[in-house]
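Here are the chains, one letter per residue:
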Amino acid sequence: MKKNHYKTLLLTALALVVISTGAFAQTSGRGRIRDFGIEPGIFKPGPLNAITDVPGVKVGQVTIVKGDNVRTGVTAIVPHEGNLFREKCPAAIFVGNGFGKLAGVTQVQELGNIETPIVLTNTLSVAQGIEGVLTYTLSQKGNEDVGSINAVVGETNDGQLNDIRGRHVTSEDVVRAITEAKGGPVEEGCVGAGTGTVCFGWKGGIGTSSRVLPADLGGYTVGVLVQSNYGGILEINGAPVGRKLGEYYQSNPDGSCMMVVLTDAPLDARNLERLAKRAMMGIAKTGGVASNGSGDYVIAVSVNKDNLIDEGSDFYRPKLLHNNAMTPLFEAVIEATAEAVWNSLFMATDTQGRNGRTARAIPIDKVLEIIKGR
């Protein structure tokens, strides 16, 4: 009896202080917005309503919770299951507001492709993110002669709840997030790179959503994952939630949002940049203002198998959608980005962190009353 009791206490303690790939168990009453009957937009989500609805996409997360002051982590998005360096993906990056430290942006803008997993973490751990991506990529079979790698690592500042100066993320954590990435459901809320983030004055975090176009519009899937950590006047599906709850941007004006957009639509870098711009319109639908101190970046990637880039060939002959086929994809990414943010808020839980500060989870019951009574 005593032995079992001791084992239970030990496991409980480990769950609180050990780096883990799972976050806190979601408390009762939390859920994604569709669990409460809110169905934003006109297009239907994929089966998982997640970025992993895009074929071949995987997500890995390492959550770091230690003592009273460490609330941080890593989220890795792996676009396809092959060797990303040898089979690069068309990609683009759009800067909504550039108060951030996104690594790898200029080469993506110059060459229009991405050659590594995408890593999200906190502001002062970008260096460790780069180191982890380099270690992972150099270790891949077929990369024995590689001497230059463009690691793409994004961040938001989780210093309100996390001892950010302690730089508790390691390159090993980053490698772990990448190598343990998987398809299927994606954990949301206080996990990975969203463990210590705050959004609209409430606890933010990781959120995801997807949209699938009807067959007559191509049947393509657009998936979005966000790391929400920004301010504004919150709106949910058109309802003035922030105003009704008394949470305004003046009390939490700055912050950042990283948005990762994946699609199987056959797009080149030019149209991926156009798609990325529309993700910022999704942020606007949530009430975000891209404030002066906010780092708002969108990384858009096409994983269409026929358009992967083999640089061993002298010619690249992609099959691409016409410009006039882009509008449904624009609508899809706007819808998915907004819903990903709302999911990050709905799935987050109360979190106490550095110096005893607490970020409260958004009160879902009050939000539902506002939405129903608008």
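The coordinates are above.
Being a predicted model, the structure only gives us computed values, none of them experimental. (Residues numbered from 1 in each chain as written. Predicted model: local features only at pLDDT ≥ 70, side-chain atom pairs only at ≥ 80, totals over all residues. Heavy atoms only, no water.)

J.: Is there a simple way to think about the overall build of the chain in this case?
T.: When you go through the chain residue by residue, the secondary structure sums to eight helices and 14 strands. The C-alpha atoms of the chain give a radius of gyration of 20 Å, which matches the 21 Å a tight globule of 374 residues would have. Here the chain, with 374 residues, has 55% of them falling under the buried criterion. Contacts in the chain between residues far apart in sequence, at least 24 positions, make up 80% of those at least 6 positions apart. Element-wise, carbon and sulfur atoms account for 51% of the exposed surface of the chain, whose accessible area totals about 15,900 Å². Seen as two clouds, the 36 positive and the 37 negative side-chain charges of the chain have centres 6 Å apart. (Helix = DSSP H or I, 4+ residues; strand = E, 2+ residues; numbered from the N terminus. Rg over C-alpha atoms; globule rule 2.2 N^0.38 Å. Buried < 20%, exposed > 50% of the residue type's maximum accessible area, 1.4 Å probe, protein only. Contact = heavy atoms within 4.5 Å. Areas by Shrake-Rupley, 256 points an atom, 1.4 Å probe, with all protein chains shown as cover. Lys, Arg positive; Asp, Glu negative; His and termini not counted. Charge placed at Lys NZ, Arg CZ, Asp CG, Glu CD.)

J.: Looking at this model, I keep getting lost on the pattern of salt bridges. Mind explaining?
T.: One side chain can pair with another of opposite charge once the charged atoms of both are near each other. Applying the stated criterion across every chain, the model contains nine salt bridges. Among the ionic pairs, Arg-211 bridges to Glu-335, the shortest N-O distance being 2.8 Å. Of the two residues, Arg-211 is situated in strand 9 (residues 205-212) and Glu-335 in helix 7 (residues 327-347); the sequence distance between them amounts to 124 residues. Residue Glu-335 is classed as buried on the basis of its relative accessible area of 4%. The salt bridge partner of Asp-350 is Arg-360, with a shortest N-O separation of 3.4 Å. Highlighted residues: Asp-350 in the loop between helix 7 and strand 13 (351-352) and Arg-360 in the loop between strand 14 (358-359) and helix 8 (364-373), separated in sequence by ten residues. Relative accessible area serves as the criterion here: at 45%, Asp-350 is assigned to the partly exposed category. Accessibility expressed as a relative area gives 48% for Arg-360, which makes it partly exposed. Via salt bridges that share partners, Arg-34, Arg-211, Glu-335 and Glu-339 belong to a single interconnected network. (Salt bridge = Lys/Arg side-chain N within 4 Å of Asp/Glu carboxyl O.)

J.: What should I look at first to understand the packing of aromatic side chains in this one?
T.: The relation between two aromatic rings is expressed through the spacing of the ring centres and the mutual angle of the planes. This structure, assessed with the given rule, holds two aromatic pairs. Relative to Phe-346, the ring of Phe-36 lies with its centre 5.9 Å away and its plane at 65 degrees, an arrangement referred to as edge-to-face. With Phe-36 in the loop between helix 1 (2-17) and strand 1 (58-66) and Phe-346 in helix 7, this pair connects stretches of sequence that are 310 residues apart. Relative to Tyr-230, the ring of Phe-200 lies with its centre 4.9 Å away and its plane at 65 degrees, an arrangement referred to as edge-to-face. Taken together, the positions of Phe-200 in the loop between strand 7 (198-199) and strand 8 (202-203) and Tyr-230 in the loop between strand 10 (221-229) and helix 5 (241-245) put the pair 30 residues apart, joining distant regions of the chain. On the basis of relative accessible area, Tyr-230 is assigned to the buried category, the value being 2%. The ring centre of Phe-85 lies 4.0 Å from the NZ or CZ of Lys-88, which sits over that ring. Over the ring of Phe-330 we find Arg-278; its NZ or CZ atom is 3.8 Å from the centre of that ring. (Phe/Tyr/Trp six-rings, centres within 6.5 Å; stacked < 30°, edge-to-face > 60°. Lys NZ or Arg CZ within 6 Å of the ring centre and 35° of its normal.)

J.: Hey, could you run me through the nonpolar core in this one?
T.: Soluble globular proteins: nonpolar side chains tend toward being buried together. Formed by 50 residues in total, the largest nonpolar core has its most connected members in Ile-236, Val-261, Leu-329 and Ile-362. Going through the elements one at a time, strand 10, strand 11 (255-263), helix 6 (269-285), strand 12 (294-302), helix 7 and helix 8 are the ones with two or more residues in this core. Tallying contributions element by element places helix 7 first for this core, with twelve residues. Not counting the four nearest positions on each side in its chain, Leu-329 is found in contact with Leu-213, Tyr-220, Val-222, Ala-265, Leu-267, Leu-275 and Leu-321. Judged by nonpolar contacts, the second largest core, of 48 residues, contains Val-54, Val-78, Val-126 and Val-169. (Core = buried A, V, L, I, M, F, W, Y, C linked by side-chain atoms within 4.5 Å.)

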